[in-house]
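Below, each chain spelled out in residue letters.
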Amino acid sequence: MHVDELETPSVLIDLDRMERNIARMQDYCDQHGLAFRPHIKTHKCPEIARLQIEAGAVGIACQKISEAEVFAGAGFNDLQIPYNIVGAAKTARLVDLAMYNRVTVSADHLTVIAGLADAAGAEDLTLRVMVELATEIERAGAPVDEVVTLAQRIDAEPNLHFAGLLLYPSNPAIRPLLQEALDRLNHAGIGVDVVSGGGTGAAFHAHEIPELTEIRVGTYIFNDWATVSKGWAALDDCAMAVLATVVSRPTPDRAILDAGSKTLALDSVDGLHGFILEYPNARIYKLNEEHAYVDLSACDDRPVIGDRLHIIPAHTCVVSNLHNRLYGVRDEQIEVVWPVAARGRVW
Ligand SMILES: Cc1ncc(COP(=O)(O)O)c(C=O)c1O
C-alpha cells in the first residue's frame, strides 16, 4: 500500500531511520561494554522491541506494570520497571510477573521497600530491587546518604535482593555523586550487581561514567523535535512523523491541520507542538483536540486545503500512546503495520 492511500492523521515510522537508530545505539553499547536495555514506553509495540532484542539488547524497561504485562505476554522475560510500585494491588501484580519472568524494580524509600517485601513474602519468591538515586531533575530518587540504609533494608528482607543502583538521567555531571553512592555501599560491604543509567540525551556519553553497567534508553529509536532542538539528534534521525491534512486556510497566514492534541499530545518545545517538514518556517503554535493552528507568516510558499504534511512531533513517546497503529514505511510503501499493544497501559 502506498503511503498516499493512508487516512490522516496517521503515525508513520521511517524504517530505514529506525533501523539505523537501533543499530547505532547497540553498536555504541557493544563498543563500550555496556548492556543495552531499551525503554519500550517510546513505542509500546512488542514487535519493535523484538527488533531491539535481536540487535543485542539484554532485556527491556517498562515504566508501568500494565506495560510489562503486555510485553511478558508477548514473550519478553527480562523486565525492568524503574518506578516505585506502590499499593497492595500493584505489588501483587508485580509479584505475579516475577513468578515467570526476571523482574527488577526500583525503590527510593523504606515504605516502598516494605510493600515489595510483603508482596514477595506472600508468594515466597525473591524480587530484585534496585535503589533509585536522586539526580539533578529532582524527580523520584533517594539522596546519596540514604542509599546504604535502603540497600541494607532490601538485603535484610528474606524475599528481596538488592540488585544495584538506578539513575535517570545519567548525565556525566552526576558521576561524582554516583561514585560517592558506590563508595558508601562498598564500605558497608554491599555488593552492587548493576548500575543502570538512562536517557537519550546523555546516552552517547555513557562511557564517561565507567561505573555504569547498562543504559535504559527510549526516545532514541524515533527521536522527535525535542531531541533535535536539544542537539541530541539530527532531523534525519527522526523516524516518526505524523501525517496530517490541511483542512482549512481561514486567513493567508493561518492553516488548520487535522492533528490536534488527541493526535500530537500537548507537549511542546519552545511553545511549538512539532515541526512541519515541508514548511520549516511554519509554527504549530496551538492545538485543540482535533485542530492544529499553524502560523504561516514566515513562509514564502504556503499549503492549500487538502495538502498532506509530515509533522515531527514535539515528543514521540506520548504520540505512540495515542494511536492504535504505527505504519512502518520504506520508499513510500507501507511495509508493516504495528498495533500499539501497550497503548493506554498507564496503570
Ligand atoms: C526512569 C527512566 N529511564 C529511562 C528513560 C528513557 O529516557 P529517554 O526516553 O530519554 O531515552 C526514562 C524516560 O522518561 C525514564 O523515566
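Up top is the structure these notes are about.
No experiment lies behind these values; they were computed from the predicted model shown. (Residues numbered from 1 in each chain as written. Predicted model: local features only at pLDDT ≥ 70, side-chain atom pairs only at ≥ 80, totals over all residues. Heavy atoms only, no water.)

Before going further, it helps to examine the packing of aromatic side chains. In total, this model carries five aromatic pairs according to the counting rule given. An angle of 70° between the planes, with centres 5.9 Å apart, marks the rings of Y285 and Y293 as edge-to-face. (Phe/Tyr/Trp six-rings, centres within 6.5 Å; stacked < 30°, edge-to-face > 60°.)

Glancing now at the side chain of S106. By secondary structure assignment, the location of S106 is in strand β5 (residues 102–107). On the basis of relative accessible area, S106 is assigned to the buried category, the value being 0%. Only 2.9 Å separates the side chain of S106 from the backbone nitrogen of Y83, close enough to count as a polar contact. Sequence-distant contacts of S106, defined by excluding residues within four places in its chain, comprise I81, P82, Y83, N84, V129, M130, E132 and L166. (Helix = DSSP H or I, 4+ residues; strand = E, 2+ residues; numbered from the N terminus. Buried < 20%, exposed > 50% of the residue type's maximum accessible area, 1.4 Å probe, protein only. Polar contact = N/O pair within 3.5 Å; in protein donor to acceptor, adjacent residues only side chain to side chain. Contact = heavy atoms within 4.5 Å.)

Next up on the list: unusual backbone geometry. In this structure, P9 follows T8 across a cis peptide bond, with omega equal to -5°. Summarising the element assignment, P9 is placed in the segment before β1 (10–14). In this chain, Y168 is followed by P169 through a cis amide linkage whose omega measures -10°. Mapped onto the elements of the fold, P169 is located in the loop between β7 (160–166) and α7 (175–187). With a phi angle near 50°, D124 is a residue other than glycine that sits in the positive phi range. Along the chain, D124 turns up in the loop between α5 (110–123) and β6 (127–132). Even without glycine at this site, D270 takes up a positive phi of about 50°.

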